[in-house]
Amino acid sequence: MQMQSLTLRGAAVTSARRAAPPPASSAAHLAASGPCLLRVPRALRRRRPRSLRASASLEQEVKEVAGAPAPSAGKSSQTTRRDVRNIAIVAHVDHGKTTLVDSMLRQAKVFRDNQVVQERIMDSNDLERERGITILSKNTSITYKGTKINIIDTPGHSDFGGEVERVLNMVEGVLLVVDSVEGPMPQTRFVLKKALEFGHAVVVVVNKIDRPTARPEFVVNSTFELFIELNATDEQCDFQTVYASGIKGKAGLSPENLADDLGPLFEAILRCIPEPRIEKDGALQMLVSNTEYDEHKGRIAIGRLHAGELQRGMEVKVCTPDDACRVAKISELFVYQNFSRVPVESVSAGDICAVCGMSDIMIGETIADKVNGTPLPTIKVEEPTVRMSFSINTSPFVGREGKYVTSRNLRDRLYRELERNLAMKVEDGETADTFLVSGRGTLHLTILIENMRREGYEFMIGPPKVINKTVDGKVLEPYEIAAVEVPEEYMGSVVELLGKRRGQMVNMEASGPEGTTLLKYKIPTRGLIGLRNAILTASRGTAVLNTIFDSYGPWAGDLSSRDQGSLVAFEDGSTTSYALLNAQERGLLFVQPGQDVYKGQIVGIHQRPGDLAINVCKKKAATNVRSNKETTVVLDEALSYSLDDCIEFIQEDELVEVTPASIRMSKNPKISKKK
C-alpha cells in the first residue's frame, strides 16, 4: 500500500509517495489487510517537539497495547471481533456529516432502489429539520463486505458538545470531517481533543472536495498542526486522509482521483478503525450511553456491550456510579441494522445494542452480570457555562394558549430533561416557582425552551447569565474563542463590535479566495450574548460567527451589550393603527394593529437609551366634524423576533414570555417594584 508524505506550511517537502509498513506501535489495532496511516517524513518529526509531550496516560496506553502479546485462549479472555467496527462521525457544524451518512446509507443498499428518501435522513427531529443542524446523536449501521459498521451521527454545534462526549464511550474510532475550504474550525478542535483523550483512531475526511475554491493541501496541513497542538502521540498524528464529496457520494485517497463511490472511505474504515477488544467469556458489562422513549416499549437504554453476552429475558444487575445496585430483567433486545432497530435473542460483546425492560435506567449506569457484575466508569462531561431562570407565567394572558402552566408541571419537565441531557443542570431558585437551568450556551437552552413550548408548556425565562468561579478569592469568568468569517469591506465594523465587548484578537488571516477574512478572538462569554445579531447587522448578513469554550480567566470588567432601551405598553388593551402611527416615531415596533397587549409588555425598541412607556391602545376621538377626506395610515413593518432573538435582546430587568402560540417580552415586575 502506497503512502503520501505530508507537506507542512513553510517547509519545502516533496510530496512523492513511498511505501512503508505500519508502525509496530499501532499494528496491534490494525486489520491484516495492510497499512492505513499517512506517514510523515522523519525530518519533519524533529520539528514538532510538542507532540512528544503527550499525556502520560495516553503514552502508557499505547505502549501497553503495542507490547501486549496476541491474546490466546489459555492466557487471556481478551479477544477482538473482526466482523464489527464502531465509529462516530464528528465535525464542526455544516461541514457535511449528516449528508455524508446519507450517501453511506444509500451506497450500502439500506434503502430500496425505488424508495423515496428525504435529505439528511438522520435529522429526524422537527427542530433539526427547521434549523438545518443536528441536535441529538443517533445510531445506524451498514454492512460492507461482511463487516457490520455501527455509525453514530453527532451534532456539530459547540452547545451540544455533551452529546459528542457521551457517545465516544461506544466507539473505537472517529471520522473527523473537515470542510475542504474552511479547514479546522473551533468545534473541530473540541471533538478532536475529546477523541484523542479517549485514545481513539482518527480517519480525516476532507469533505466537499468538489467545491471550486477547495484547498485540500492547506486543510490537511492545518489539521496536522491541530493534532500537534492537542499533544497527539506520534501514532495518532499518522492519520489516514480520505477526500470525499458527501453530496455526490464519491471518495478517494487523493483529491484529483476520486472513485465513483465511497469505496475508498469504507476500505479506510475497515483498515484503520480498530476492531473492538472484548472479553467474550467475561462477566456481562454494558455502559448506558443514551436513552430513548417509546410509547409501547417504555424507556430504551442504548450502549456498547463491553464484555459477556446479553440475552433476551435474562436477569441482570443495574449498577450506579456510587456502587448502588438493583436487579432488573431484559424484556426486549435490539441491534441496529441499516436504518432500523431489529429484535434479536442475544448480543455478543463489541456490538451496540438497545435494551428494554428497565423503566428507571439512567445514562451512565452499567448493566452488569447478576452475580459477578461490576460497574464501569461513568460518563463525565464538561461543566455548563450559561444559566437562565425558568418561572411560571405571571402575565395577564396566562392560561390562554398553554396546557401546562403550574410550577409542578414545569419542575417535572425540567428534571425529566436531565435524564437524557447530561450537559444540563437544574437547581431550585429563590422561590418555589423559579428554577435555574444551566447549559453549554444560549442555543443549548433555547432548544429545550422550543421543545417545551411545542409540548404545551407556558412559562417565563430571564436573561442568560454566565456562571463564574471564585478561585483564591478572585472571580473568574468563562472565555470563548470566537471565529468570525467576514468580507473585507465590513471587517472594520466587526472588529469594533468585538473590541467593545472586551474581545482580544488572537489571529487574523485570509479565508479562501473569496475576499473574506477569518478573525479569531478570545472573548468573555458575557460578550457573546446578543453579539450574533449585532454582527449580522454590521455585515449586512454576510458574516458567519462560530464559538467554542476556551477556559476560565480573570473578570474582564463591565461591558454594555445594548445601547437602546425598550418601548413599554402603558395599559392593557388592543393596539390601534392611530396609536401605532405615533408610537413608531419613537422607535421600531414589535406589534401590529389589533394585537392584545398588557401593561408592562415590551412593544418595541426605543431609538434612545432608557425605557419609554407609550400608549399603543389609544383610539381616535370620534367627533361630529366631517373631514374633507380620510387620512391614510401608513405603518412600518413590525419586527418579527424569534425565540433566539428575544433571549439575546432582553436585559437584566426583562423577561421572555413563552407560550405554544406566542413569544412576548415584558418588564420584570419584581425588579420594577424594587426600583
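What counts and how
- Position numbers for residues start from 1 in each chain and track the written sequence from start to end.
- Residues qualify for local features only when their pLDDT is at least 70, as the model is predicted, and side-chain atom pairs are given and counted only at 80 or more; totals for whole chains, interfaces and linings, by contrast, use all residues.
- Hydrogens and water molecules were not included; the side-chain quantities draw on all heavy atoms of the structure.
- Think of it this way: any DSSP run of H or I at least four residues long counts as a helix, any run of E at least two long counts as a strand, and we number them from the N terminus.
- Pairing of N or O atoms within 3.5 Å defines a polar contact, subject to two protein rules: one partner must be a possible hydrogen donor and the other a possible acceptor, and residues neighboring in sequence count only if both atoms are side-chain atoms.
- Comment: axis = line fitted to C-alpha atoms, over the contacting stretch for helices; angle = value between 0 and 180 degrees taken between N-to-C directions.
- Just so you know how the angles are binned, under 35 degrees is roughly parallel, over 145 roughly antiparallel, 65 to 115 roughly perpendicular, and the rest oblique.
- Working rule for handedness: look at the near helix, and if it is turned counterclockwise from the far one by less than a right angle, call the crossing left-handed; if clockwise, right-handed.
- Whether two residues are in contact is decided by their heavy atoms, any of which lying within 4.5 Å being enough.
- Residue polarity is assigned by list, with Asp, Glu, Lys and Arg as charged and Ala, Val, Leu, Ile, Met, Phe, Trp, Tyr, Cys and Pro as nonpolar; anything else, Gly included, falls into the polar class.
- Think of a salt bridge as a Lys or Arg side-chain nitrogen and an Asp or Glu carboxyl oxygen that are within 4 Å of each other.
- Only protein chains enter the accessibility calculation, which uses a 1.4 Å probe. A residue is then buried if its area is under 20% of the maximum for its type, exposed if over 50%, and partly exposed in between.
- The pairing criterion for strands is at least two bridges between them, as found by DSSP.
- By nonpolar core we mean a set of buried residues, namely Ala, Val, Leu, Ile, Met, Phe, Trp, Tyr and Cys, connected to one another through side-chain atoms within 4.5 Å.
- Each domain's extent is set by a domain assignment, obtained either automatically or from a database.
- The predictor's confidence in any single residue is recorded as pLDDT, a number from 0 to 100.
- Directions from the helix axis toward the C-beta atoms define the arc.

Colleague: Before we move on, can you summarise the side chain of asparagine 421 with the specific residues and values?
Modeller: Tracing the chain through its elements places asparagine 421 in the loop between helix H11 (407-417) and strand E23 (425-428). Only 3.2 Å separates the side chain of asparagine 421 from the side chain of histidine 444, close enough to count as a polar contact.

Colleague: Quick one: what's the story with the packing of helix H7 (residues 186-197) against helix H8 (residues 216-229), residue by residue and with numbers?
Modeller: Two elements in contact, H7 and H8, have axes whose closest approach is 10 Å; the angle formed by their N-to-C orientations is 50°. Taken together, the axes of H7 and H8 are oblique relative to one another. Crossing hand, H7 versus H8: right-handed. When H7 is examined against H8, the residues Thr188, Arg189, Leu192 and Leu196 are found in contact with a partner set consisting of Leu226, Phe227 and Glu229. The residue makeup of the contact of H7 with H8, split by class, is four nonpolar, one polar and two charged.

Colleague: Account for the pattern of salt bridges, with residues named and values stated.
Modeller: Across all of its chains, the model carries 36 salt bridges by this definition. The shortest N-O distance in the salt bridge between lysine 248 and aspartate 210 comes to 3.9 Å. Of this pair, lysine 248 sits in the loop between strand E9 (240-245) and strand E10 (250-252) while aspartate 210 sits in the loop between strand E8 (201-207) and H8, and the two are 38 residues apart along the sequence. For aspartate 210, a relative accessible area of 34% translates into the label partly exposed. Here the salt bridges share partners, and the residues they tie into one network are Glu165, Lys194, Glu197 and Arg440.

Colleague: Explain the sheet that holds strand E4 (residues 84-91) residue by residue, including any values.
Modeller: As summarised here, the arrangement of the seven strands in space is E5-E6-E4-E7-E8-E9-E10, forming an open sheet in which the pairing is mixed. Single-partner strands in this sheet number two, and they are strand E5 (138-144) and E10. Sheet twist, expressed as the average angle between the axes of neighbouring strands with direction ignored, equals 30°. As defined by bridge partners, E5 adjoins strand E6 (residues 147-153) across seven bridges and the pair is classed as antiparallel. From the neighbouring strand, lysine 138 faces E6, where its bridge partner is aspartate 153.

Colleague: Before we move on, could you go through the nonpolar core and cite the residues and values that matter?
Modeller: Membership of the largest hydrophobic core comes to 41 residues, with the highest contact counts inside it found for Leu176, Leu192, Val202, Val204 and Phe227. Sorting elements by how many residues they give to this core places H8 first, with seven residues. Each of domain 1 (79-275) and domain 2 (279-368) accounts for three or more of the residues forming this core. Ignoring any residue separated from it by four or fewer positions in sequence, one finds valine 204 in contact with Leu176, Val178, Thr223, Phe227, Phe239, Gln240, Thr241 and Val242.

Colleague: Talk me through the confidence of the model for the chain; I want residue IDs and the actual numbers.
Modeller: Looking at the chain as a whole, its pLDDT mean stands at 79, while 83% of the residues score no less than 70. No element of the chain has a lower mean pLDDT than strand E2 (residues 18-19), at 32, and none a higher one than strand E25 (residues 459-461), at 94. Contacts for the low-pLDDT stretch residues 1-35, under 50 throughout, to residues beyond four places or in other chains number 80 contacts. This stretch, residues 37-76, has a pLDDT under 50; its non-local contacts, to residues over four places away or in other chains, come to 71 contacts.

Colleague: How would you summarise H11 if you had to cite specific residues and measurements?
Modeller: One full turn of an α-helix is made of 3.6 residues, so residues set three or four places apart face in the same direction. Inspection of H11 places Asn409, Leu410, Arg413, Leu414 and Glu417 among the buried residues, and these make up the whole buried set. Projected down its long axis, H11 shows its buried positions confined to an angular sector of 120°, all on one face. Packed against the buried residues of H11 are strand E22 (386-392), E23, strand E24 (434-439), helix H12 (442-454) and E25.

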